[in-house]
Structure formats: C-alpha cells, structure tokens
Amino acid sequence: MSNLRIGVPSKGRLSELAGDLLKQAGLSFRRQERSLFARVGEMPIDITFLRTDDIPVLCAEGAIDMGLTGSDLVAESQADVLTRLALGVGRCKLALCVPDDSPIASPSQLAGKRVATSFPNVTRQYLAQHKADAHLVDLGGSVEIMITLGVADAIVDLVETGSTLAANRLRVLTEIGKYESILIQNKARRESELADRVVRRLEGVVIARSWSLLEYNLPRNKLAEAEKITPGFNSPTVNSLEDPAWCAVRVMVRRGEVIEVMEKLEVLGAHAILETQINNCRL
Ligand code: PRP
C-alpha cells in the first residue's frame, strides 16, 4: 500500500481555505517554509503544494490522486477527472462583460470584435454555441483592464462580488457558467478506500459549516406550525419539559436562514431560542 497523494493550492485564496478544511476534518499537516510536500499526521497521506490551475491536469495525469481546486479550472483545462465533493466555498460565475455604455446587447453582436479572457477554452466553446465569430485575446490575468487599454471590446472573467466590474465600469452581458471550489480525484481511483474516507471526512465538515443547530422551547400546541418553519435535516427532535404544555425542540437549520427562522419562531411564541455552531457531523 502506498500513500494517497493530495494536491493542495500552494498560494492564493483557496490555499488557506483548503488548509483549514483539511485540518478541521482531522487531516492536519505542517508545511515547512517553501516546502513542496508535507505528510498528514495520522493517515498515510502526502500533501503536495501546487499551483491551483495546475491541479486538474496533474490529477488527470496521475501525479496526484486527489486535489482541491476550482471547478472553473477543471472546465478550462478540460482535464478528465472525477468531481467528488463541492467544498461550499469560492462560489463565482464566469461572465461575458462589456462596457457600461456599450450598445452590444447579445453575444451574437460580438462577431468581428475582440474578446479578452484567461479562459480561452470555455470562452471559445461559448462563442461557438452562440455563433459569435469573435477574435480571442488569450491572457494570463488582469483581464478587466483590457477594454481601457484598447486591447478588447469585451471580456470573459470571473465575477464574485461584482466590485472589479464596477471599478472598471463594466456590466455583465451574459453569464457563461457557475463555479466553486471542489475536491477532484483521478479516474483510476488508486487507494480508493482511503480516498473515500477523505471524501467522507471533508463532507462532514462541509455539511457542518452550512448548518446550525437550533434549540428552543415551545408551547406544545404550536409544534405543527413550528415544524413548518424548521423541518430540520430529517425531522426535529422533540423532548418533554416538566410543564406538560411545553416542549423543547432541537433541529438543524441552514446557516444562512437562522436569523430569519429565529424571528419567525419568536413570533410563534418560542422561548429560549439558541443557535449552536456544528463543527463536524456524519449524516
Ligand atoms: C478574480 C477575477 C476578477 C475578480 C472578481 O481575480 O479575475 O478580477 O476576482 O471578483 P469581484 O467580482 O469580487 O471583484 P483574482 O483576484 O482571483 O485574481 P486574478 O486577477 O489573478 O484572476
């Protein structure tokens, strides 16, 4: 049996997120300064630090068995890998953008124009589908300034909050795709049992991060209404209180919905509504 090799971004946004996620899932490692490799303490796993955009190809080629990267980079590289898990972070979209004041109203009007991007493969495919015979300007980065520089008439770039577009007076013409950070695996599935354990461990943390545990006391005659507000992952746990007219409810709630749910429960007559963060889970 040889060690499972996992590729982790060496720098950039996903680097820190990936390290935290693996650590929380019990896959801790210590990276010596500038070192390319690290060993996970309790399991036969080697971590290799790589450029995020090289991870899809290196995984497809078998240099690593698994990797954490962006689904945008998998799409662009056309690497033939398995997607095992969405990590719930790094959500963004790839969009075709034009200047705020541009008269261009649809992709087909880009015929004969120049489109700058660092996603040439995805862009070429999209333009072909929309019968837009545009000239592609393939760049490594800083695509958002290419219209100002007179290099392009439109760009295809990642949009997260939209602030880069606003700062460069650009607007989204159409959305090309939605992407996020993912865990990928080589199709040969080497060391498959260990790889599946890694997936389950990371999944436990990813799910835990997107849910909270909510507990509250409620007049028993309001239970049916409360269950509509908090149906839970499977169903709520309901316990008796000393006062038979009341009960205690424990239920999982999507983290982004907690505050609104708390308000609704309060209006319904719930007391002592408590939110607890879940660190890890197996569901
Ligand atoms: C990405 C992308 C945009 C920006 C979008 O760049 O290329 O420039 O983020 O984010 P926003 O909508 O929140 O402004 P990144 O910072 O990853 O660096 P890059 O220029 O190397 O791509």
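The rules behind the values
- Residues numbered from 1 in each chain as written.
- Predicted model: local features only at pLDDT ≥ 70, side-chain atom pairs only at ≥ 80, totals over all residues.
- Heavy atoms only, no water.
- Helix = DSSP H or I, 4+ residues; strand = E, 2+ residues; numbered from the N terminus.
- Rg over C-alpha atoms; globule rule 2.2 N^0.38 Å.
- Contact = heavy atoms within 4.5 Å.
- Phe/Tyr/Trp six-rings, centres within 6.5 Å; stacked < 30°, edge-to-face > 60°.
- Lys NZ or Arg CZ within 6 Å of the ring centre and 35° of its normal.
- Buried < 20%, exposed > 50% of the residue type's maximum accessible area, 1.4 Å probe, protein only.
- Arc of directions from axis to C-beta.
- Near = heavy atom within 4 Å.
- Polar contact = N/O pair within 3.5 Å; in protein donor to acceptor, adjacent residues only side chain to side chain.
- Areas by Shrake-Rupley, 256 points an atom, 1.4 Å probe, with all protein chains shown as cover.
- Pairing = 2+ DSSP bridges.
- Axes fitted to C-alpha atoms, helices over the stretch in contact; angles between N-to-C directions.
- Salt bridge = Lys/Arg side-chain N within 4 Å of Asp/Glu carboxyl O.
- Parallel < 35°, antiparallel > 145°, perpendicular 65-115°, else oblique.
- Core = buried A, V, L, I, M, F, W, Y, C linked by side-chain atoms within 4.5 Å.

Colleague: Break down the overall build of the chain for me, citing the residues and quoting the values.
Modeller: For the chain, the helix and strand inventory stands at 8 helices and 15 strands. For the chain, whose C-alpha radius of gyration is 24 Å, the value lies well above the compact-globule estimate of 19 Å for 283 residues. Sequence separation of at least 24 residues holds for 70% of the intrachain contacts in the chain that already meet a minimum separation of 6.

Colleague: Give me the lowdown on the packing of aromatic side chains, citing residues and values where you can.
Modeller: Taken as a whole, this structure holds 2 aromatic pairs when the rule is applied. The lysine or arginine in question, Arg-31, covers the ring of Phe-49, its NZ or CZ lying 4.1 Å from the ring centre.

Colleague: Please set out helix H8 (residues 258–268) residue by residue, giving values where relevant.
Modeller: Because each turn of an α-helix spans 3.6 residues, side chains separated by three or four positions end up pointing in the same direction. For H8, the set of buried residues is Val-258, Val-261, Leu-265 and Leu-268. Considered in projection along H8, the buried side chains sweep an arc of 80 degrees and stay on one side of the axis. Relative to its buried face, H8 has exposed residues pointing more than 90 degrees away, namely Ile-259, Glu-266 and Val-267. Lining the buried residues of H8 we find strand S12 (211–219), helix H7 (223–229), strand S14 (246–254) and strand S15 (271–277). Gly-269 sits one or two residues past H8 and shows a positive phi near 115 degrees.

Colleague: Describe unusual backbone geometry, and please don't skip the residues or the numbers.
Modeller: Here the phi dihedral of Arg-34 falls at roughly 60 degrees; this positive angle occurs in a residue that is not glycine. By secondary structure assignment, the location of Arg-34 is in the loop between helix H1 (13–24) and strand S2 (37–39). Positive phi is not limited to glycine here, since Arg-189 has a value of about 50 degrees. Looking at the element boundaries, Arg-189 is found in the loop between strand S11 (181–185) and helix H6 (192–210).

Colleague: Go over the site of the ligand, please, and point to the residues and values.
Modeller: Taken together, Arg-13, Glu-144, Asp-157, Leu-158, Val-159, Glu-160, Thr-161, Gly-162, Ser-163 and Thr-164 form the complete shell of residues around the ligand. Measuring from an oxygen atom of the ligand, one finds a side-chain N or O atom of Arg-13 at 2.7 Å. Here Asp-157 contributes a side-chain N or O atom positioned 2.9 Å from an oxygen atom of the ligand. In isolation the ligand offers 500 Å² of accessible surface; the protein chains occlude 64% of this area.

Colleague: Describe the sheet that holds S2, naming the residues involved and giving the relevant values.
Modeller: The strand order across the open sheet built from 6 strands is S2-S3-S1-S4-S11-S5, with neighbouring strands paired in mixed fashion. Looking at which strands have only one partner, the edges of the open sheet turn out to be S2 and strand S5 (82–86). Direction aside, neighbouring strands of the sheet carry axes that sit 30 degrees apart on average. Pairing of S2 with strand S3 (residues 45–50), which is carried by 3 bridges, proceeds in the antiparallel orientation. What sits directly across from Arg-39, in S3, is Asp-46.

Colleague: Let's hear about the pattern of salt bridges: which residues, and what values?
Modeller: Evaluation of the coordinates by the stated rule reveals 13 salt bridges. A salt bridge links Arg-114 to Asp-153, with the nearest nitrogen and oxygen atoms 3.4 Å apart. Of this pair, Arg-114 sits in strand S7 (residues 114–117) while Asp-153 is found in the loop between strand S8 (135–138) and strand S9 (154–159), placing the two residues 39 residues apart along the sequence. With a relative accessible area of 24%, Asp-153 lands in the partly exposed category. Each of Arg-5, Asp-65 and Arg-190 takes part in salt bridges that share partners, so that together they form one network.

Colleague: Residue-level account of the packing of H1 against H6, with values.
Modeller: Orientation of H1 relative to H6, taken along the N-to-C sense of each, is 105 degrees, at an axis distance of 8 Å. When the axis of H1 is compared with that of H6, the two are roughly perpendicular. Between H1, through Asp-20, Leu-21, Leu-22 and Gln-24, and H6, the contact on the second element is made entirely by Leu-202, Val-205, Val-206 and Arg-209.

Colleague: An account of the nonpolar core is needed here, citing residue identities and associated values.
Modeller: Residues Ile-6, Ile-45 and Ile-47 are the most contacted members of the largest nonpolar core, which totals 26 residues. The dominant element in this core, judged by the number of residues it contributes, is H6, at 7 residues. Other than its neighbours up to four places away in sequence, Ile-45 contacts Asn-3, Leu-4, Ile-6, Leu-27, Ala-38, Arg-39, Val-40, Leu-194 and Val-198. Counting 19 residues, the second-largest nonpolar core is a separate cluster that includes Cys-92, Val-98, Ala-132 and Leu-173.

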